[in-house]
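# Structural overview
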Amino acid sequence: EAGVAQSPRYKIIEKRQSVAFWCNPISGHATLYWYQQILGQGPKLLIQFQNNGVVDDSQLPKDRFSAERLKGVDSTLKIQPAKLEDSAVYLCASSLAGGFPYNEQFFGPGTRLTVL
Amino acid sequence: TQLLEQSPQFLSIQEGENLTVYCNSSSVFSSLQWYRQEPGEGPVLLVTVVTGGEVKKLKRLTFQFGDARKDSSLHITAAQPGDTGLYLCAGAGQFYFGTGTSLTVIP
């Protein structure tokens with residue numbers, strides 16, 4: 001079974017530029033998550049999708065971050081414009097359904113973003 | 001926001017030693033998960049604990065959920081270099097991850 005795919009793996013941009021990350025979840029997984037992980041910290045949930053609808057985006061900085069999952073499969077996360085403090089690893093995860101605690105999340109390898 | 005504090009933040013030990021990592025919160029959780037994250041990879045689920053006082057064993061790893069469901073611990077017996085990684089606890093409900101414990105096992 002293929003895992004969660006993310007691209008690119010690394011991205012370096014200058015502040016005020018725009019950047020987009022792509023995620024393809026495990027086939028059949030209805031729930032998709034985007035996390036931000038700053039070096040030395042645990043992941044922070046940015047947004048959770050159930051199929052193509054948003055379940056929780058309370059911690060998404062909506063003035064600069066946006067995410068979509070138009071067909072309920074793959075998803076993109078965009079930052080516009082980027083700030084220095086956005087330097088982090090952006091993790092995508094998927095699960096069969098959103099019901100915690102019994103539902104295991106499967107994580108992709110992440111995209112490491114460096115903002116100069 | 002439910003905060004999950006993990007301790008220690010960093011741990012470096014020799015192969016064969018035992019260690020315990022702690023996850024504490026002032027909030028009650030209906031359940032809690034432990035993940036391990038290796039460099040350049042995403043976290044991988046190790047275990048889910050759901051009952052206060054529950055103890056689960058996974059080979060050399062022993063997980064315990066506190067009676068009050070506010071804390072949890074992970075004990076590793078006879079650590080091996082392959083145990084090296086970032087250990088994260090995560091609480092139920094919204095996906096709150098702990099601050100993480102970075103473990104290095106020296107051969």
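Just so it is clear, the model here is predicted, and its values are computed rather than measured.

Rules behind the numbers
- Residues numbered from 1 in each chain as written.
- Chains lettered and ligands numbered in written order.
- Predicted model: local features only at pLDDT ≥ 70, side-chain atom pairs only at ≥ 80, totals over all residues.
- Heavy atoms only, no water.
- Core = buried A, V, L, I, M, F, W, Y, C linked by side-chain atoms within 4.5 Å.
- Buried < 20%, exposed > 50% of the residue type's maximum accessible area, 1.4 Å probe, protein only.
- Helix = DSSP H or I, 4+ residues; strand = E, 2+ residues; numbered from the N terminus.
- Contact = heavy atoms within 4.5 Å.
- Pairing = 2+ DSSP bridges.
- Buried area = accessible area lost by both parts, 1.4 Å probe.
- Salt bridge = Lys/Arg side-chain N within 4 Å of Asp/Glu carboxyl O.
- Polar contact = N/O pair within 3.5 Å; in protein donor to acceptor, adjacent residues only side chain to side chain.
- Disulfide = S-S within 2.5 Å.

### Comments concerning the nonpolar core
L32(B), W34(B), F63(B), L74(B) and I76(B) are the most contacted members of the largest nonpolar core, which has 22 residues in total. Sorting the residues of this core by element identifies β3 (19-24), β4 (32-37), β5 (44-49), β7 (61-65), β8 (71-76), β9 (85-91) and β11 (101-106) of chain B as the ones contributing at least two each. For L74(B), the residues in contact, after removing those within four places along its chain, are L19(B), T20(B), V21(B), W34(B), L61(B), T62(B), F63(B) and Y87(B). In this structure, F65(A), L77(A), Y90(A) and L113(A) belong to the second largest nonpolar core, which totals 21 residues.

### Topic: the pairing of β4(B)
The side chains of a regular strand alternate between the sheet's two faces. Residue and element names in this part refer to chain B. When you tally the buried positions in β4, you get 6 out of 6 residues, the bulk of the element. Alternating residues of β4 divide into L32, W34 and R36 and Q33, Y35 and Q37, and every residue in both groups is buried. As paired strands, β4 and β5 are joined by 5 bridges and run antiparallel to one another. Within the sheet, the bridge partner assigned to Q33 lies in β5 and is T48. Hairpin geometry of β4 and β5 is characterised by an intervening segment of 6 residues between the two adjacent antiparallel strands and by a positive phi of about 80° at G40. Relative to β9, β4 is paired through 6 bridges, and the arrangement is antiparallel. When the bridges of β9 are listed, W34 appears paired with C89.

### Side note on the interface of chain B and chain A
Tallying the contact residues gives 23 residues for chain B and 22 residues for chain A. When chain B packs against chain A, close to 1,700 Å² is buried across both sides, 56% of that on carbon and sulfur atoms. Counting across the interface, chain B meets chain A through 0 salt bridges. Taken together, the connections running from chain B to chain A amount to 3 residue pairs in polar contact (both at pLDDT 80 or more). Looking at the side of chain B that touches chain A element by element, the count peaks at 4 residues for β9(B).

### What about the state of the cysteines?
Residues and elements named next belong to chain A. Counted according to the given criterion, the structure contains 2 disulfides over all chains. Here C23 engages in a disulfide with C92; their sulfurs sit 1.9 Å apart. Torsion about the S-S bond of the C23 and C92 cystine: about -70°, corresponding to left-handed handedness. Here C23, found in strand β3 (residues 19-24), pairs with C92, found in strand β9 (residues 88-95); they are 69 residues apart in sequence, far enough to count as distant.

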